[in-house]
Amino acid sequence: MAASAVKGQEYETSLSQASTSIADFEDHRTGLVYRAQNLLHQTPSLVPLIVLVVSVLVFGALLGAKFFSPFALTLILQQVQIVGILAAAQSLVILTAGIDLSVGAIMVLSSVVMGQFAFRYGLPPALAIACGLGVGTFCGFVNGFLVAKVKLPPFIVTLGMWQIVLATNFLYSANETIRAQEIEAGAPLLHFFGTKFTIGGAVFTVGVVFMVVLVFVLAYALRHTAWGRHVYAVGDDKEAAELSGVRTDRVLISVYMLSGLICAFAGWALIGRIGSVSPTSGQLGNIESITAVVIGGISLFGGRGSIIGSLFGALIVGVFTLGLRLLGADAQWTYLLIGMLIIAAVAVDQWIRKVSV
Amino acid sequence: MKPVLQARNLVKRYGRVTALDHCDFELFPGEILAVIGDNGAGKSTLIKAISGAVVPDEGEVWLEGRQVHFASPLAAREHGIETVYQQLAMSPALSIIDNMFMGRELRKPGIMGRLFRQLDRAEMERFAREKLNDLGLTTIQNIRQVVETLSGGQRQGVAVARAAAFGSKVIILDEPTAALGVKESRKVLELIQDVKSRGIPIVLISHNMPHVFEVADRIHVHRLGKRLCVINPGEHSMSDAVALMTGAMQPGQSQAA
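Just so you know, these numbers come straight off a predicted model, no measurement behind them.

## Concerning the overall build of chain B
And step 1. Of regular secondary structure, chain B possesses nine helices and ten strands.
And step 2. Computed over its C-alpha atoms, the radius of gyration of chain B comes to 19 Å, within 12% of the 18 Å expected for a compact globule of 257 residues.
And step 3. Of the contacts made within chain B by residues no fewer than 6 positions apart, 65% connect residues no fewer than 24 positions apart.
And step 4. If the 31 positive side-chain charges of chain B are averaged to one point and the 28 negative ones to another, these points end up 5 Å apart.

Structure, rendered in structure tokens:
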């Protein structure tokens, strides 16, 4: 028997004549639809980019110079900067197959801490801002710790944190707003992100520049560093990533902490945008950021999508909001169209995935 | 001769299920040790315990005469133990290169690597291509393609190539030929011999008796969470091995006919 085991593979003898040429298939599915599907599969942010360009063109055609001016187009950038920054944070978390419902709350708490530390305790503005950034990062750390170490579902963890952080924000601030004039006089650094500069008719703010730079830096980190590849791997299949030697706990905690830090920066930008420190602002940040991410083509199941897409997603929402307002339509039309876009975006996501299976 | 990798008295319980029941294990230098056993005998748990994927409740693991405690697969890998798991441990949405280098990416030399931590894609690609060519994985059309577009056999090939490329002390293969065609199985078996000739011992878990008897130097028969016996494939038949692992025969006994 043992001897027969050794020569037991006689059926394999023909292998010596097996073809050694590299497999080469002629792809007969060369239809336009198939090629489009393939292209979209490789560059997932192309869909939101196309939607963005088309919507700008359509509103431009309908409204003419009123919409198609440097002023109006950069106004959109200013209006979406907060959501755009939050969407960057949200994208990171969603790429790990998580979700962060607390982004808006962390943003507001961070901005309140920056304001109150500067005015209630008289700290130098730079230090107060550092404290605000620290508070945001800490909130993110708690989220990350509960998700990675205690292994609670991200939805539950951040649902709880949303309430906790928001309540803390109201209790701590005593629902008190710090007015813009006070900030301007006492701590103008808090308004830094609102600093405006004009190029031609286009008006930019530091916050807008920050949003764009942030997205590109994160896009670089996600694509070209080991950490970025690990973020995708964790979102794709956490157990496989763990077995391949990725420290998934660390990756998750780092992602939630970074998300918290970015939210705190959004809080700083929020002060620049609205002028005052208000504990009641930015309440819808979580939903708006998830909307931008989903329209931007990032899969809610994790591991797929590009962060540039969420910037496009935020801009699409901004274009619809401003375009419809300039057309004089009821604001509800915006929500209706955004709702349809969300569903369409997920449907397209599912369709694109079919290319691989 | 001293074992390279040794385990003593390993115990692992999952709730009320005992997967490992005071199990011993020895792997000697330069050998191919096959581990066989029925489904649910605890083979996979044994492998996970010595590769760091699970931490045993009791018992010791020794590598090259020193006791080691692996808290994670990464810790085992840092000690030169590479494992190809049955479920392959790959991220489907990432490329072959990303998967081969997962957790040990190469960074560019100079400031781009140090300060901006940029990955050295060109070097990683060169290395991966070389390793896949060694394995004869010629049916992979594009090394940058994502793993989900590969067939089961190709994925297995990539996983084995990854282990062979990085394993320095021990390579563990959990069912490496289970999903493969005839030609790919042959390639993997050749690769196993090739790795052995480089002096690296291999642990091979398999249900495929012809493959086991072809390549193994010794066969560890696992039954009911522990090592039942170790047999020499030259002295026992495949039906002996099956009889032992299913409990139809006791060790020491020889089956008639």
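## Looking at the pairing of strand 3 (residues 32-37) of chain B
All names here are of chain B.
And step 1. Of all six residues that make up strand 3, six are buried, and the element is covered over most of its length.
And step 2. Of the two faces of strand 3, the one holding Ile32, Ala34 and Ile36 and the one holding Leu33, Val35 and Gly37 are both buried throughout.
And step 3. Looking at chain direction, strand 3 and strand 8 (residues 202-205) are connected through four bridges and run parallel. Residue Ile32 lies in a different strand from strand 8, and its bridge partner there is Ile202.
And step 4. Looking at chain direction, strand 3 and strand 9 (residues 218-223) are connected through five bridges and run parallel. Bridged to Leu33 within strand 9 is Arg218.

## A closer look at the side chain of Ser185 of chain B
And step 1. As for its placement among the helices and strands, Ser185 of chain B is situated in helix 7 (residues 182-197).
And step 2. Those residues within four positions of Ser185 of chain B in sequence are excluded, and the remaining contacts are Thr177, Leu180 and His211 of chain B.

## A few points about the sheet that holds strand 5 (residues 66-68) of chain B
All names here are of chain B.
And step 1. The four strands are arranged 2-1-4-5 in an open sheet whose pairing can be described as antiparallel. Only two strands of the sheet have a single partner each, and these edge strands are strand 2 (17-27) and strand 5. Across the sheet, the mean angle separating the axes of adjacent strands is 30° when strand polarity is ignored.
And step 2. Pairing between strand 4 (residues 58-63) and strand 5: three bridges, direction antiparallel. Note on strand 5: the bridge partner recorded for Val61 is Val68.

## Overview of the packing of aromatic side chains
And step 1. What the rule picks out here adds up to 15 aromatic pairs over all chains.
And step 2. Both rings, one in Phe101 of chain B and one in Phe127 of chain B, keep their centres 5.6 Å apart while their planes meet at 65°; by these two values the pair is edge-to-face. Pair noted here: Phe101 of chain B is in the loop between helix 3 (96-100) and helix 4 (111-114) and Phe127 of chain B is in helix 5 (residues 121-134), with a separation of 26 residues, a long-range link. In terms of burial, Phe101 of chain B and Phe127 of chain B fall into one category: buried.
And step 3. Ring pairs connect the aromatic residues Phe192, Phe193, Phe210, Phe265 and Trp268 of chain A, which therefore count as one cluster.
And step 4. Sitting above the plane of the Tyr172 of chain A ring, Arg120 of chain A keeps its charged end 4.5 Å from the centroid.
And step 5. A cation over an aromatic ring shows up here: Arg104 of chain B above the ring of Phe166 of chain B, its NZ or CZ 3.8 Å from the ring centre.

## Some details on unusual backbone geometry
All names here are of chain B.
And step 1. For Asn9, which is not glycine, the phi dihedral falls at a positive 55°.
And step 2. Take Asn9: it is sitting in strand 1 (residues 5-14).
And step 3. At Glu175, a position not held by glycine, the phi torsion is positive, near 50°.
And step 4. Along the polypeptide, Glu175 turns up in the loop between strand 7 (170-174) and helix 7.
And step 5. Using a relative accessible area of 8% as the deciding quantity, one classes Glu175 as buried.

Rules of the game
- Residues numbered from 1 in each chain as written.
- Chains lettered and ligands numbered in written order.
- Predicted model: local features only at pLDDT ≥ 70, side-chain atom pairs only at ≥ 80, totals over all residues.
- Heavy atoms only, no water.
- Helix = DSSP H or I, 4+ residues; strand = E, 2+ residues; numbered from the N terminus.
- Rg over C-alpha atoms; globule rule 2.2 N^0.38 Å.
- Contact = heavy atoms within 4.5 Å.
- Lys, Arg positive; Asp, Glu negative; His and termini not counted.
- Charge placed at Lys NZ, Arg CZ, Asp CG, Glu CD.
- Buried < 20%, exposed > 50% of the residue type's maximum accessible area, 1.4 Å probe, protein only.
- Pairing = 2+ DSSP bridges.
- Axes fitted to C-alpha atoms, helices over the stretch in contact; angles between N-to-C directions.
- Phe/Tyr/Trp six-rings, centres within 6.5 Å; stacked < 30°, edge-to-face > 60°.
- Lys NZ or Arg CZ within 6 Å of the ring centre and 35° of its normal.

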